[in-house]
Protein chains: 2
Amino acid sequence: MNYISPMAEIIPIHEHKVVFNDAVKYLSELCKEDLQSINTLIFEKLDSSVPLIQEIGKYLILSGGKRLRPILTTSCFHILNNKPKHNINHIGLSAAVEFIHAATLLHDDVVDISKDRRGKLTANEVWGNKTSVLVGDFLFSRSFQLMTKYGTMETLKILSDTSVIISEGEVLEISNDKNLEMNEDTYFQVINGKTASLFSTACQVGGLSGGAKDNELLALKSFGTNFGMTFQLIDDAIDYSSNLNTMGKNIGDDFKEGKITLPIILAYGRSNDKEKQFWQKVISKPNENVNNFNLAKELIIKYKCIEDTVVRARHFADVAIDSLSIFNDSKYKNALIKLIETSVKRLS
Amino acid sequence: MNYISPMAEIIPIHEHKVVFNDAVKYLSELCKEDLQSINTLIFEKLDSSVPLIQEIGKYLILSGGKRLRPILTTSCFHILNNKPKHNINHIGLSAAVEFIHAATLLHDDVVDISKDRRGKLTANEVWGNKTSVLVGDFLFSRSFQLMTKYGTMETLKILSDTSVIISEGEVLEISNDKNLEMNEDTYFQVINGKTASLFSTACQVGGLSGGAKDNELLALKSFGTNFGMTFQLIDDAIDYSSNLNTMGKNIGDDFKEGKITLPIILAYGRSNDKEKQFWQKVISKPNENVNNFNLAKELIIKYKCIEDTVVRARHFADVAIDSLSIFNDSKYKNALIKLIETSVKRLS
């Protein structure tokens, strides 16, 4: 059985992941100076008269994620190759985006009752839910302070609109908890809120800081959104992958939490009546029997739902790549295209 | 035994409350038109494509609080008696403040595991903690959208700084959970975050919308902060009051949650060694014995901690009243002074 999209080149499975990580690393190298400034600013802005805030903020933000959003902001700033605008600062806005991201992670882990993230205990496991909720609020507030300091009314509008989309997406997701009949478009709205909207915003504020014209800004918005959709679709497919070595994600987590993602939406829609009964039974108690996850995966394989999730991801990836066509060739543009291409192939 | 501050006029106890409610009602009448516009806007902005958000938002915001913050914004707008500024709108900013307030209530109720508020079930009781956290995030995001639409960089700075102060205050409060040795100044920082900072912001955005000069803005900031401190001090004293009819607040809640407020800080500091042992025993398990609350109250009475809390409140009230002295006499100014005066006497 083969999880890889028919469109993918034939590359040994383990190399796909390496290729994506390499693309991230290469971009990080290109943006090295900016990323250092962003890290310094983040560190400064975690300073608070309340020691607990500093402690948790640092635990969370400095725990070594891939820093995908700052990489996007910085790359989109440099892809324009313009003289920077004086009243807007991509370093500050990138830190603002990263604080929003950190705040949503804290709240998500409370909502999902998660115990670990990237192999470390979650903040709610270490300090409890109350603290996570309130420190999340702090990070969110700090983010708006940063936006106000380093941005303009235009970037503030983009960032505050995005915050609304993120929280709407999250409520929409829990509203559809265990709802096997969730519409695919509703699912797209959820993952747009969860991932694509902030990716898009990271790109837009980079572009605006770099003096993007209207059409360039639209292109960066489209690039960020579609890359985000690609990324999340593959993430959701990875949850049903058979390989445990998938960038810190615990296989089967979504299933155990009763989260409805595209592989399940497709599998349920394609199932016969008896199989539908199985889904309805297991989705309400996914942890009752360890074998349930394996049976679910069998149906997902039977109906080619991983392949088709990758096909959807490929669609968004194509749109993302095409959206960059208005920019002149540069090392940043090429590296971003490589990032998208390899992200579709993260699944192993 | 008499809980009333020695400075209070001699008025029958039940009249004190009536007097404060009347002061609120009178101001609401003066600001009636604006308050209607604010309500309409709030209602509009609770609109979301996600039905659950609408439902909870309306449950929470339209459940009939006193609307103290919109009253403050509107009164401070009108006290200036200026031509309104064209690029800033006190109706929109007032709605933004009310959304921040609603978001913090949702998160507070999750953090405090509260079951009812103003005689209604809390949202976390009805819809669960997850939903409350995420809908709180939505309201907070919506608030920033409103600020961006109706405000300026100056009002955005004030509002985002306030959000940071609010969340820092909340983390500071839970960091000092059951800490009987909490410093009185730390307590002031907590209640500044919890209440005074948003009162102050409500006043400042009203002033800025009304074209306040620098000294007028400072005066309104001081008025809001000091009125907020007064209000919260009296609220904290009410928790140890013997009267159950205290504006929807359940007597003894702070004690049961192990929250350290001024009456306890003062009582603990003044207690002898044996009494200190009692405090240390009960604060870790305040619900173990129903009699503990009564014993705690006895010590609070013995050491005149309610009277002294009211004396502190009186200090802030005096500063609040004096800060209004730079404004010309008007019905708004007189009504605000009445509001402060009667707020000190809420305790019955």
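Residues numbered from 1 in each chain as written. Chains lettered and ligands numbered in written order. Predicted model: local features only at pLDDT ≥ 70, side-chain atom pairs only at ≥ 80, totals over all residues.

(A) Inspection of the interface of chain A and chain B at higher detail. Taken together, the contact between chain A and chain B spans 35 residues of the former and 35 residues of the latter. Mapped by element, the contributors of at least two residues to the side of chain A that touches chain B are helix H3 (51-61), helix H5 (90-112), helix H7 (129-150) and helix H8 (153-175) of chain A. The element contributing the most residues to the side of chain A that touches chain B is H8 of chain A, with 14 residues. Tallied by class, residues from the side of chain A that touches chain B come to 17 nonpolar, 11 polar and seven charged. (Contact = placed C-beta atoms within 7 Å. Helix = DSSP H or I, 4+ residues; strand = E, 2+ residues; numbered from the N terminus. Nonpolar A, V, L, I, M, F, W, Y, C, P; charged D, E, K, R; others polar.)

(B) Just the relation of the copies chain A and chain B, in detail. With an axial shift of 0.0 Å and an RMSD of 0.0 Å, the rotation relating chain A to chain B amounts to 180°. What we have between these two chains is a two-fold relation. (Least-squares fit on C-alpha atoms with pLDDT ≥ 70 in both.)

(C) Structural view of helix H8 (residues 153-175) of chain B. Taking 1.5 Å as the rise per residue, H8 of chain B with 23 residues should run 33 Å; its terminal C-alpha atoms sit 33 Å apart, in good agreement. With 18 of 23 residues buried, H8 of chain B is to be regarded as a mostly interior element. (Expected span 1.5 Å × (residues − 1). Buried ≥ 20, exposed ≤ 12 C-beta atoms within 10 Å, placed from the backbone.)

(D) Fine view of the environment of Gly 269 of chain B. For Gly 269 of chain B, the location among the structural elements is in helix H12 (residues 262-270). Taking the C-alpha atoms as reference points, Gly 269 of chain B and Tyr 303 of chain B, 34 residues apart in sequence, are found 9.7 Å from one another.

(E) View of unusual backbone geometry. Residue and element names in this part refer to chain A. At Arg 67, a residue that is not glycine, the phi angle is positive and equals roughly 60°. Structurally, Arg 67 can be placed in the loop between H3 and helix H4 (68-79). The exposure class of Arg 67 is buried, given the 22 C-beta atoms found within 10 Å. The backbone phi angle of Lys 304 is positive, close to 55°, even though this residue is not glycine. Tracing the chain through its elements places Lys 304 in the loop between helix H14 (290-302) and helix H15 (305-323).

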